Amino acid sequence: MHGFDARDLLDCYARGVFPMADAREDASVFLIDPERRGVIPLDRFHVSRRLARTVRSEPFEIRVDTAFHEVVLACAASAPGRVETWINRPIERLYVRLHELGHAHSVECWQDGELVGGLYGVSLRAAFFGESMFSRRRDASKVALVHLVARLIAGGYRLLDAQFITEHLTQFGAEEIVRAEYHRRLAHALKAEGDFYRLGGVGSAGDALGAGAGAAALAGGGAASGALASGALAGGRSSTLGVSSAGGLAAGARGTVEAALGDGALALQLITQAS
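This structure is a prediction, so every number in the text was calculated from the model and none was measured.

Counting 41 residues, the largest nonpolar core has Phe45, Val146 and Leu148 as its most contacted members. Those elements that place two or more of their residues in this core are α2 (49-57), β4 (61-64), β5 (104-111), β6 (114-124), β7 (127-135), α5 (140-154), β8 (159-163) and α11 (263-274). By size, the runner-up hydrophobic cluster in this structure holds 36 residues, among which are Ala21, Ala67, Val71 and Ala127.

Looking now at the environment of leucine 169. Note on placement: leucine 169 falls in helix α6 (residues 167-170). Through-space distance from the C-alpha of leucine 169 to that of valine 39 is 9.2 Å; in sequence the pair is 130 residues apart.

Before going further, it helps to examine the packing of aromatic side chains. Under the definition given, this model contains seven aromatic pairs. Ring geometry for phenylalanine 18 versus phenylalanine 164: centroids 5.7 Å apart, planes at 75°, classification edge-to-face. A residue pair is termed long-range when its members are at least 10 positions apart, and phenylalanine 18 in strand β1 (residues 18-20) and phenylalanine 164 in the loop between β8 and α6 qualify at 146 residues. By relative accessible area, which is 0% here, phenylalanine 18 ends up buried. Judged by centre distance (5.6 Å) and plane angle (80°), the ring pair of phenylalanine 68 and tyrosine 120 falls under edge-to-face.

This part is about α11. Helix length check: α11, at 12 residues, gives a terminal C-alpha distance of 17 Å against a target of 16 Å (1.5 Å per residue), a fit within 8%. Most of α11 is tucked away: nine of the 12 residues are buried. Residues of α11 that are buried include every one of Gly264, Leu266, Ala267, Leu268, Gln269, Leu270, Ile271, Gln273 and Ala274, and no others.

Time to look at the pattern of salt bridges. As enumerated under the stated definition, the model contains 15 salt bridges in all. A salt bridge links aspartate 161 to arginine 37; the nearest nitrogen and oxygen atoms lie 3.0 Å apart. Residue aspartate 161 is located in strand β8, and its partner arginine 37 is located in strand β3 (residues 36-39); the two are separated by 124 residues in the primary sequence. Note on aspartate 161: relative accessible area 1%, which makes it buried. Judged by relative accessible area, which is 1%, arginine 37 ranks as buried. Residues joined in a network through salt bridges with shared partners are Asp43, Arg44, Glu175, Glu181, Arg184 and Arg185.

A word on unusual backbone geometry. Only a minority of non-glycine residues have a phi that is not negative, and only a minority of peptide bonds are not trans. Its identity is not glycine, yet glutamate 58 carries a phi of approximately 50°, on the positive side. With respect to the secondary-structure elements, glutamate 58 resides in the loop between α2 and β4. Non-glycine residue aspartate 112 carries a positive phi angle of around 55°. Relative to the elements of secondary structure, aspartate 112 occurs in the loop between β5 and β6.

The next thing to look at is the packing of helix α1 (residues 6-15) against helix α4 (residues 89-100). Direction vectors running N to C along α1 and α4 enclose 90°, while the axes themselves pass 9 Å from each other. When the axes of α1 and α4 are compared, the pair comes out roughly perpendicular. In this structure, α1 uses Ala6, Leu9, Leu10 and Tyr13 to contact α4, whose residues at the interface are Leu94, Tyr95, Arg97 and Leu98. Each residue belonging to the contact of α1 with α4 can be placed in one class, and the counts come to seven nonpolar, no polar and one charged.

Rules used in this analysis
- Residues numbered from 1 in each chain as written.
- Predicted model: local features only at pLDDT ≥ 70, side-chain atom pairs only at ≥ 80, totals over all residues.
- Heavy atoms only, no water.
- Core = buried A, V, L, I, M, F, W, Y, C linked by side-chain atoms within 4.5 Å.
- Buried < 20%, exposed > 50% of the residue type's maximum accessible area, 1.4 Å probe, protein only.
- Helix = DSSP H or I, 4+ residues; strand = E, 2+ residues; numbered from the N terminus.
- Phe/Tyr/Trp six-rings, centres within 6.5 Å; stacked < 30°, edge-to-face > 60°.
- Expected span 1.5 Å × (residues − 1).
- Salt bridge = Lys/Arg side-chain N within 4 Å of Asp/Glu carboxyl O.
- Axes fitted to C-alpha atoms, helices over the stretch in contact; angles between N-to-C directions.
- Parallel < 35°, antiparallel > 145°, perpendicular 65-115°, else oblique.
- Contact = heavy atoms within 4.5 Å.
- Nonpolar A, V, L, I, M, F, W, Y, C, P; charged D, E, K, R; others polar.

Bear in mind that shape data such as this cannot, by itself, settle questions of function.
Now the structure itself:
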């Protein structure tokens, strides 16, 4: 794919195709437009009771876009039970460039100053294409996924593309749809503009919510409708890519919301509000 650059890759996403490779050290890149596609409907995202307790307990510091390249490398690394990865070096470079252009983002889980899990994907208008996730602590990538979905809901996104459906993803409400339906949902998402940073910009989620962005999203009703695989396992595995009272909050009540809700609780409330 000589001469194929990040702008070309964005055009591919707009047409519903995405890149893959056979192995990390294989320089070849091919494009896929599957007959059946995995998506995670943002208005039907399911969080189990156990995972909700974990999210509320906030075992990780959630950061956004502070270590994008490190997340990609962690997703590309071999792990027990998975020797090869589809993220080869040309694909790695393309996503790093998309990140530099503002079209690729990472949601990261940190613990004691160490990156222990996370995910990354591509953002194009109101569509987010989940690419890969990894986890070095129990539930780290699951927690990252919860925070991603909350951020997409707050930002008015319409589609979360998971590429391929897996049994792991179905626990979050993922569904498999035919190509024509996927392209219909993609076209719907491309007609709108999502704001990945509505909950705050680069840095920790705590910094963003402390600035009032979280409560503003609740008050603004950022729910979206419409439309990553078992990367939530321990050991660094990765894969291709889970209280409806807040809408009436007045601006003067935002400080109270921030004081009452932690980052994890706010993420869960945004998800509940969208359902």
